[in-house]
Amino acid sequence: DFLVTAPDAIISFSIAYISAPLNVCLRRNDSREGKQHIPSHVITRMDATIEPPDESKPYASFEKFYLTINNATDNVIIGGKTFHDIEKCINESLQSPIQA
């Protein structure tokens with residue numbers, strides 16, 4: 001809808017891709033209760049469907065600026081360096097907007 005209403009817009013994209021192996025996601029999910037617990041088949045389907053950013057794909061200009069955060073262990077601490085990397089990724093995308 002946005003591209004229809006603002007076809008000449010100049011926009012920026014940046015992606016924070018958080019990566020964790022399927023077995024880690026399922027184990028974490030098993031420890032959740034109530035509304036926080038997600039059916040296992042949904043997580044498995046998401047794992048098979050979601051792809052990491054790939055700026056080499058045709059028409060993937062929105063995947064040019066990304067940061068991958070490895071969340072494979074239970075001890076991941078998002079600290080100052082990670083926030084700095086996220087800020088840098090966002091700023092780089094703002095410096096190189098794409099035409100809608």
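Residues numbered from 1 in each chain as written. Predicted model: local features only at pLDDT ≥ 70, side-chain atom pairs only at ≥ 80, totals over all residues. Heavy atoms only, no water.

## Digging into the overall build of the chain
Thought 1: When helices and strands are counted, the chain shows four helices and four strands.
Thought 2: For the chain, with 100 residues in total, the buried portion stands at 17%.
Thought 3: Across the chain, the fraction of contacts at a sequence separation of at least 24, relative to all contacts at a separation of at least 6, is 65%.
Thought 4: A total of about 7700 Å² of accessible surface is found on the chain, and carbon and sulfur atoms cover 57% of it. (Helix = DSSP H or I, 4+ residues; strand = E, 2+ residues; numbered from the N terminus. Buried < 20%, exposed > 50% of the residue type's maximum accessible area, 1.4 Å probe, protein only. Contact = heavy atoms within 4.5 Å. Areas by Shrake-Rupley, 256 points an atom, 1.4 Å probe, with all protein chains shown as cover.)

## Regarding the layout of surface pockets
Thought 1: Taken as a whole, the largest pocket spans an internal volume of roughly 430 Å³.
Thought 2: Looking at the largest pocket, it is lined by 14 residues, and the ones nearest its centre are Ile-18, Ala-20, Cys-25, Met-46 and Ile-50.
Thought 3: Sorting the residues of the lining of the largest pocket by element identifies strand 2 (15-19), helix 2 (22-30) and helix 3 (40-49) as the ones contributing at least two each.
Thought 4: Residue composition of the lining of the largest pocket, by class: nine nonpolar, two polar and three charged. (1 Å grid on protein atoms, 1.4 Å probe; cavity = no way out; pocket = protein on both sides within 12 Å on 5 of 7 lines; lining within 4 Å. Points joined across faces, edges and corners; volume = space filled by probe spheres on them. Nonpolar A, V, L, I, M, F, W, Y, C, P; charged D, E, K, R; others polar.)

## Some remarks on the packing of helix 2 against helix 3
Thought 1: Two elements in contact, helix 2 and helix 3, have axes whose closest approach is 10 Å; the angle formed by their N-to-C orientations is 155 degrees. Taken as axis vectors, helix 2 and helix 3 run roughly antiparallel relative to one another. Note on packing geometry: the crossing formed by helix 2 with helix 3 is right-handed. Contact residues: helix 2 offers Leu-22, Cys-25, Leu-26 and Asn-29, while helix 3 offers Ser-40, Ile-43, Thr-44 and Asp-47.
Thought 2: Among the residues forming the contact of helix 2 with helix 3, the class breakdown is four nonpolar, three polar and one charged. (Axes fitted to C-alpha atoms, helices over the stretch in contact; angles between N-to-C directions. Parallel < 35°, antiparallel > 145°, perpendicular 65-115°, else oblique. Left-handed = near helix turned anticlockwise from the far one by under 90°.)

## Re empty space enclosed by the protein
Thought 1: Summed over all chains, the structure comprises one cavity of 30 Å³ or more.
Thought 2: One number sums up the size of the largest cavity: a volume of about 50 Å³.
Thought 3: In terms of lining residues, the largest cavity is bounded by Ile-11, Ser-12, Phe-13, Ser-61, Phe-62, Lys-64, Phe-65, Ser-93, Ser-96 and Ile-98.

## Digging into the pairing of strand 3 (residues 66-70)
Thought 1: Along strand 3, the buried face is formed by Leu-67 and Ile-69; none of Tyr-66, Thr-68 and Asn-70, which line the opposite face, is buried.
Thought 2: Sheet analysis places strand 2 next to strand 3, joined by five bridges and oriented parallel. Note that in strand 3 the partner of Ser-19 across the bridge is Asn-70. (Pairing = 2+ DSSP bridges.)

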